[in-house]
Amino acid sequence: MTNQRKGILEEVQKARQHLTADEVYELVRKKQPRISLSTVYRNLEKMADAGILARLELSGNQRRYDWNTDMHHHARCVRCGAVRDVPLDAGVELDLGSQAINGFAVSGFRLEFKGICEKCR
């Protein structure tokens, strides 16, 4: 793990939020002023591909990165774009077993809730 990658990972984990690459870049740049935005993008993607971070592609929003790679769902504010974790025990159950859905053999899913966050209300 390079120093740049280590710094990126530390900032994502420390923030405990669902950050965009631009937000990660702004945080990392404070400690590594010579780092480029493309380096941050490339390393975030590599860490997501390796399962170190989770890549969130929520509808209508810029890609975000999640420090928590455990299975969980998300709620997104339709006004400000804030994203929050929704724990699995929040009453959401879907047992697909070996069912095929429209010809797909489903291997997993992520559920996105949309609404208005506490700040925007």
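This write-up is about the structure you can find in this document.

1. Considerations on the sheet that holds strand 2 (residues 54-56)
Hydrogen bonds along the backbone pair up the strands of a sheet, which may run parallel or antiparallel.
Okay, step 1: Pairing in this open sheet of 3 strands is antiparallel, and the strands run 1-3-2 from one edge to the other. Here the strands that pair on one side only, and so sit at the sheet edges, are strand 1 (18-20) and strand 2. On average, each strand axis in the sheet is tilted by 35° relative to the strand beside it, whichever way the strands run.
Okay, step 2: Where strand 1 lies against strand 3 (residues 64-66), 3 bridges are found, and the strand directions are antiparallel. Looking at strand 3, one finds that Leu-19 is bridged to Tyr-65.
Okay, step 3: Contacting strand 1 and strand 3, helix 2 (residues 21-29) runs over the sheet at an angle of about 85° to strand 1.

2. Some words on the pattern of salt bridges
Okay, step 1: Taken as a whole and assessed by the stated rule, the structure comprises 10 salt bridges.
Okay, step 2: Of the charged contacts in the structure, one is a salt bridge between Glu-26 and Arg-29, with a shortest N-O distance of 3.2 Å. Of this pair, Glu-26 and Arg-29 both sit in helix 2, 3 residues apart, which is roughly one turn of the helix.
Okay, step 3: On the basis of relative accessibility, which here comes to 39%, the residue Glu-26 falls in the partly exposed class.
Okay, step 4: Taken together, the shared-partner salt bridges in this structure form one network comprising Glu-45, Asp-49, Arg-55, Glu-57 and Arg-63.

3. Here's the deal with the packing of helix 1 (residues 3-15) against helix 2
Okay, step 1: Where helix 1 contacts helix 2, the two axes come as close as 9 Å, and the packing angle between them is 110°. Considered as vectors, helix 1 and helix 2 are oriented roughly perpendicular to each other. Crossing geometry of helix 1 relative to helix 2 is assigned as right-handed. Residues Gly-7, Ile-8, Glu-11 and Val-12 of helix 1 form the contact with helix 2, whose participating residues are Val-24, Leu-27 and Val-28.
Okay, step 2: Of the residues belonging to the contact of helix 1 with helix 2, the class tally is 5 nonpolar, 1 polar and 1 charged.

4. Structural notes on helix 1
Okay, step 1: The end-to-end C-alpha separation of helix 1 is 18 Å, in line with the 18 Å expected for 13 residues at 1.5 Å each.
Okay, step 2: Within helix 1, the full set of buried residues consists of Gly-7, Ile-8, Leu-9, Glu-11 and Val-12.
Okay, step 3: Packing partners of the buried residues in helix 1 comprise strand 1, helix 2, helix 3 (37-49) and strand 3.
Okay, step 4: Downstream of helix 1 by a residue or two, Arg-16 has a phi angle that is positive, lying close to 55°.

Analysis parameters
Residues numbered from 1 in each chain as written. Predicted model: local features only at pLDDT ≥ 70, side-chain atom pairs only at ≥ 80, totals over all residues. Heavy atoms only, no water. Pairing = 2+ DSSP bridges. Helix = DSSP H or I, 4+ residues; strand = E, 2+ residues; numbered from the N terminus. Axes fitted to C-alpha atoms, helices over the stretch in contact; angles between N-to-C directions. Contact = heavy atoms within 4.5 Å. Salt bridge = Lys/Arg side-chain N within 4 Å of Asp/Glu carboxyl O. Buried < 20%, exposed > 50% of the residue type's maximum accessible area, 1.4 Å probe, protein only. Parallel < 35°, antiparallel > 145°, perpendicular 65-115°, else oblique. Left-handed = near helix turned anticlockwise from the far one by under 90°. Nonpolar A, V, L, I, M, F, W, Y, C, P; charged D, E, K, R; others polar. Expected span 1.5 Å × (residues − 1).

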